[in-house]
Amino acid sequence: MKTLLPMLLATSLALPACTRSDPNLLNGYVEADYVRVAAPVAGRLVKRDVMRGDEITAGAPLFSLNTDDELAARDEAAAKVATAEARLADLLKGDRTEELVAKDASLRQAQAALDLSTAELKRVEPLVRSKALAAADLDQARSNEHRDRARVAELSAQIVVAKLGGRPDAIGAAQSEVKAARDQLAGAEWRLKEKSQTAPAAARVEDTLYEAGEWIPAGTPVVTLLPPANVKIRFYVPETQLARLTKGASVAIHMDGSAPVQATISFISNQAEYTPPVIYSRETREKLVFLCEARPQAADAPRLHPGQPVEVHLP
C-alpha cells in the first residue's frame, strides 16, 4: 500500500492537466531573483537590523560588522595625509618670514661693505697713479671690492631661492606623497563604510543567515532580500502558440484564492526544450516548449510567492 501511494499522488496531480482543454491556459510557477547582501570585508557581526519577513525601504540599515581595525587604519591614514600636506606646503611657501628678514639684513650689511670697499678703491687708484701709495695697496683695495661684490651677489641669490621654495623635483616628490596618502585614506574610509550595509532597494527580507557575534567571511551574504521588481512568473509555451507571444505582451496570472493579476512578458527563450514533467501531463511531456518569463506590476508582486503554482492565461 505504501508503494502505491506515490503513484496515486502523481496520477492525481496529472489529472487536471490531462483534462484541461483550454489551449490559452498554461501552468506556471512564481520565481524570484534574490539579492544577497554581503560585506566585501570580513568581520564579526555586531548588529543585525532586520528580521525575516520585514518590509524595508531603500537605504534602510541591514547589518554592521565590528570596526575597531578599520577605525585605527582610517585615523593612521588621516595622520599621514596631514603630515604629507604639511611637508608639501612647507616646500611651496619657501623660507619663513623671519628667515627672509635675517637674509635681508645680511644683504644690507654686505651691500654696505661693498659701498665702503668701492669708495676705498676709488680713493686708492689716483694715489697709486701719483706714486703716493704702493701698487700693493691698489691690489688690496681691488681684492676687497671684488670680495664684497661677490658676497652681495651670493646673498641676493639666496634670497631669491628662499622665496621660490623647494626644488621642482622635491616638490614633485612631495606631491606624489600627498596623493599616495590620500589614496590610502580613501581606501581606509571605504573599508570602514563597507562594514555597515544598507538595503539597495525597497524589499522584503526573505532570510537572515547569521546572528550577532558570529564571524562573517568577506563576501558572505548575511541577509537575503526580495525586491518587488525581482518577482517573475515562469511558464512554458508550446511551439504551436509561440508566434502569438512577443516581449512586452500582457498575460493574466491566476492564483488560488486570489484575484488575477496582470504581468508583462519580459523574456522568451530562443531554445526549445522538453516539457518539464512537474508541470505537464504524460501525454504532453514529449512536446517541445519554450520558456517564457513575465513580471507583474510592483504593486501586485507581494501577492505572489516564490514556488507558488499559477495559471497563465494567454492573450
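Residues numbered from 1 in each chain as written. Predicted model: local features only at pLDDT ≥ 70, side-chain atom pairs only at ≥ 80, totals over all residues. Heavy atoms only, no water.

*Asks:* Please explain the overall build of the protein as it appears in this structure.
*Replies:* The helix and strand tally for the protein stands at 5 helices and 14 strands. The buried share among the 315 residues of the protein stands at 34%. Of the contacts made within the protein by residues no fewer than 6 positions apart, 75% connect residues no fewer than 24 positions apart. Carbon and sulfur atoms provide 57% of the accessible area of the protein, an area that totals close to 18900 Å². (Helix = DSSP H or I, 4+ residues; strand = E, 2+ residues; numbered from the N terminus. Buried < 20%, exposed > 50% of the residue type's maximum accessible area, 1.4 Å probe, protein only. Contact = heavy atoms within 4.5 Å. Areas by Shrake-Rupley, 256 points an atom, 1.4 Å probe, with all protein chains shown as cover.)

*Asks:* Where do I start with the sheet that holds strand S2 (residues 35-38) in this structure?
*Replies:* Note: strands within a sheet are paired through backbone hydrogen bonds, in either parallel or antiparallel orientation. The sheet built from 4 strands is open, its strands ordered S2-S9-S7-S4 with antiparallel pairing. Each edge of the open sheet carries a strand with a single partner, namely S2 and strand S4 (55-56). The sheet contact formed by S4 and strand S7 (residues 203-208) spans 2 bridges and is antiparallel. By the bridge assignment for S7, Glu55 is matched with Arg204. (Pairing = 2+ DSSP bridges.)

*Asks:* What is the right way to read helix H2 (residues 68-93) from this model?
*Replies:* Note on helix geometry: an α-helix contains 3.6 residues per turn, so any two residues three or four positions apart are oriented the same way. Here H2 spans 38 Å end to end across 26 residues, near enough to the 38 Å set by a 1.5 Å rise per residue. Contacts made by the buried residues of H2 are with helix H5 (168-193). (Expected span 1.5 Å × (residues − 1).)

*Asks:* Explanation requested: the pairing of strand S14 (residues 309-313) in the structure shown.
*Replies:* Look at any regular strand and the pattern is simple: side chains alternate between the two faces of the sheet. Burial of the side chains of S14 is restricted to one face: Val310 and Val312 are buried, whereas none of Pro309, Glu311 and His313 on the reverse face is. Of the pairings in the sheet, the one linking strand S1 (residues 25-32) to S14 comprises 5 bridges and is antiparallel in character. By the bridge assignment, Leu26 is partnered in S14 with Val312. Across 3 bridges, strand S11 (residues 250-255) lies against S14 in antiparallel orientation. Following the sheet pairing, Ile253 is matched in S14 by Val312.

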